[in-house]
Amino acid sequence: MSKFNRFLEDKVMIVAGKVAGQRHLQAMRDGLILTMPLLIIGSLFLILANFPVEGYLNFMEKTFGESWATKLGYPVSATFDIMALIASFGIAYRLAEKYGVDALSAGAISVSAFLLATPYSFLYTPPGSETGIEVTGGIPVALLGSKGLFVAMILALVSTEIYRFIIQRNIVIKMPDGVPPAVSKSFVALIPGFIIIALVWIVRLAIENTSFESVHNIVNQLLQEPLGALGGGLVGTVIAVLLQQLLWVCGLHGATIVGGVMDPIWYSFMDENRIAFQNGTELPNIVTKQFIEVWINIGGSGATFTLVVAMILFARSQQMKQLGRLSTGPGIFNINEPVIFGMPVVLNPLMMVPFILTPVVLVIITYVSMQTGLVAKPAGIAVPWTTPPILSGYLATGGKISGAVIQVVNMAVAFLIYFPFFKMWDVQKYKEERQLEDLTSTDSNVNVN
């Protein structure tokens, strides 16, 4: 085991640490987090518009008219449908911060570049018609939301790299010292901003003369569809969860590192399900952001909530009993750092086995249950990741009891996997405590004599 620990420390942790510190991954993660408050707010309105209680629906219709649900959908569209736009600003802002250049200007230029790359036309099919009509002069809302997320991310990273490259080489317009800082910064951004906009404009003109027609089509066909096929399937999800857990056992925040790569895919799947849920059609995706947060990471990464329960009910060692009491509150709200670093799970050859195995088993159980129709799929509702189990499963499926039931099943499975390993660890800790007590008692007797 000591050789295995040395391998983790000398090889895996070095590589994982470099990945965790990669500024572009951090910027993508932090930029996407900027969208979360809006998505949660929109999800609250989505729940209110589709709450599965007949009496509530009848009351709302009688009180506010037949179109009450449509009007409740306005805030949903205003939050979900600008996901890519917000991410474009947030990613550029965070990356510029890491380079120490003006983040506000970088974010504004990134948004402008994203809108420039987005075609101001879309195909509209009138009700009852089989032929679509091309509408020009308007921005397609779909491309400002999840469908444009990959383009927004790429342009945010590229535009900020060009921006900081020019700024750091001092190719800027400098204003006199007496000019207010805000005005001076806006003039500093003129040259890099012009170059970025000009480059994106030239790229757009070039692509319009190809069969792809737009940047969005290129990214969708060459990047988003292949990654979606990987990240939305059972095998790809298992691989992502395995990487997440391996990073955790090395002491790194696996959820945020893996999320930096997978979150754009899972967010786009979430929004596709949200649109289908609003329209009353079949939900297209099983794996979304909520699939991982609600049904796999119950109590936090590794589904450690049942491990906390085992500590409270079955621990013999004082260390495990105390850790269980301290971890109960955070565990209910899916925060498990006290367990991961307090037990510890990190670099613990015994406890890392169930910590890695449990989420993989839960992915398989949940995926198969949803694929076969036994359990409702995620409805695209952005349930906060701190929502306690049972309630989160019910809400994430749009009020389907099966979403809560599968959480109970998953917790039972997680408990069965963790328990034998926990008992071995607890016995080891109990023996260490007894040996320490005996040693203390012997030392006291010697001092008395």
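Structural data are supplied above this passage.
Not measured: the values here are computed from a predicted model.

Chemist: For this particular structure, what's the right way to read the packing of helix α6 (residues 83–99) against helix α7 (residues 103–117)?
Modeler: Between two packed helices, what matters for the description is the angle formed by their axes and the separation of those axes. Closest axis-to-axis distance for the α6/α7 pair is 8 Å, and the angle between their directions is 145°. Between α6 and α7 the crossing geometry is right-handed. Taken together, the residues of α7 that come into contact with α6 (itself represented by Ala-84, Leu-85, Ser-88, Phe-89, Ala-92, Tyr-93, Ala-96 and Glu-97) are Ala-103, Leu-104, Ala-106, Gly-107, Ala-108, Ser-110, Val-111, Phe-114 and Leu-115.

Chemist: It is not clear to me how the packing of aromatic side chains should be interpreted in this structure. Could you clarify?
Modeler: Each aromatic ring pair is characterised by the separation of its centres together with the angle its planes make. Scanning the entire structure with this criterion turns up six aromatic pairs. Plain terms: the ring middles of Phe-415 and Phe-419 are 5.4 Å apart, the flat faces sit at 25° to each other, and that makes the pair stacked. On the criterion of helical spacing, the pair formed by Phe-415 and Phe-419 is a turn pair, its members being four residues apart in helix α21 (residues 401–448). Given the relative accessible area of 23%, Phe-415 is considered partly exposed.

Chemist: Mind showing me how you'd approach empty space enclosed by the protein here?
Modeler: This model, assessed by the stated rule, comprises two cavities of 30 Å³ or more. Each pocket or cavity is described by its volume, and for the largest cavity that value is around 50 Å³. Among the residues forming the lining of the largest cavity, the class breakdown is seven nonpolar, three polar and no charged.

Chemist: Which parts of the structure should I look at to understand helix α17 (residues 318–332)?
Modeler: One full turn of an α-helix is made of 3.6 residues, so residues set three or four places apart face in the same direction. Taking 1.5 Å per residue as the helical rise, α17 with its 15 residues ought to reach 21 Å, and the 22 Å between its terminal C-alpha atoms agrees with that figure. The largest bend along α17 measures about 35° and falls at Leu-326, with the proline Pro-330 one to four residues further on. Listed as buried for α17 are Met-320, Leu-323, Gly-324, Ser-327 and Gly-331. Among the residues trailing α17, Asn-334 stands out with phi positive, at a value near 65°.

Chemist: Help me out: how do you make sense of the nonpolar core in this one?
Modeler: Here is a general trend for soluble globular proteins: nonpolar side chains tend to be buried in one another's company. Counting residues in each nonpolar core, the largest one holds 83 residues, and the members touching the most others are Leu-39, Ile-91, Leu-149, Tyr-163, Tyr-267 and Phe-291. Every residue in contact with Tyr-267, bar those within four places of it in the chain, is listed here: Leu-32, Met-36, Leu-39, Met-83, Ser-146, Leu-149 and Lys-289. Counting 24 residues, the second-largest nonpolar core is a separate cluster that includes Met-311, Ile-340, Leu-347 and Met-352.

Chemist: Can you help me understand the pattern of salt bridges in this one?
Modeler: Two side chains of opposite charge can pair, provided their charged atoms sit close to one another. Evaluation of the coordinates by the stated rule reveals nine salt bridges. Among the salt bridges present, the one from Arg-94 reaches Glu-97, with a minimum N-O distance of 3.1 Å. With Arg-94 and Glu-97 both in helix α6 and three residues apart, this pair spans about one turn of that helix. One continuous salt-bridge network, built from bridges that share partners, spans Asp-81, Asp-271 and Arg-274.

Chemist: Whenever I open this one, a nonpolar patch on the surface confuses me. Can you help?
Modeler: Among the surface-exposed residues, Ile-154, Val-158, Leu-222 and Leu-223 lie close enough to one another that they form a single nonpolar patch of about 320 Å² accessible area. Contributions of two or more residues to the nonpolar patch are made by α9 (149–168) and α12 (215–231). You can see Val-158 is positioned in helix α9.

Chemist: Which parts of the structure should I look at to understand unusual backbone geometry?
Modeler: A cis amide bond, omega -15°, links Met-343 with the succeeding residue Pro-344. Among the structural elements, Pro-344 can be located in the loop between α18 (337–342) and α19 (352–371). One non-glycine residue, Asn-170, lies in positive phi territory at about 60°. As for its placement among the helices and strands, Asn-170 is situated in the loop between α9 and α10 (181–188).

Criteria and thresholds
Residues numbered from 1 in each chain as written. Predicted model: local features only at pLDDT ≥ 70, side-chain atom pairs only at ≥ 80, totals over all residues. Heavy atoms only, no water. Axes fitted to C-alpha atoms, helices over the stretch in contact; angles between N-to-C directions. Helix = DSSP H or I, 4+ residues; strand = E, 2+ residues; numbered from the N terminus. Left-handed = near helix turned anticlockwise from the far one by under 90°. Contact = heavy atoms within 4.5 Å. Phe/Tyr/Trp six-rings, centres within 6.5 Å; stacked < 30°, edge-to-face > 60°. Buried < 20%, exposed > 50% of the residue type's maximum accessible area, 1.4 Å probe, protein only. 1 Å grid on protein atoms, 1.4 Å probe; cavity = no way out; pocket = protein on both sides within 12 Å on 5 of 7 lines; lining within 4 Å. Points joined across faces, edges and corners; volume = space filled by probe spheres on them. Nonpolar A, V, L, I, M, F, W, Y, C, P; charged D, E, K, R; others polar. Expected span 1.5 Å × (residues − 1). Bend = angle between axes of the 7 residues up to and from the residue. Core = buried A, V, L, I, M, F, W, Y, C linked by side-chain atoms within 4.5 Å. Salt bridge = Lys/Arg side-chain N within 4 Å of Asp/Glu carboxyl O. Patch = residues over 30% accessible without salt bridge, like charges linked within 9 Å, V, L, I, M, F, W, Y side chains within 5 Å. Areas by Shrake-Rupley, 256 points an atom, 1.4 Å probe, with all protein chains shown as cover.

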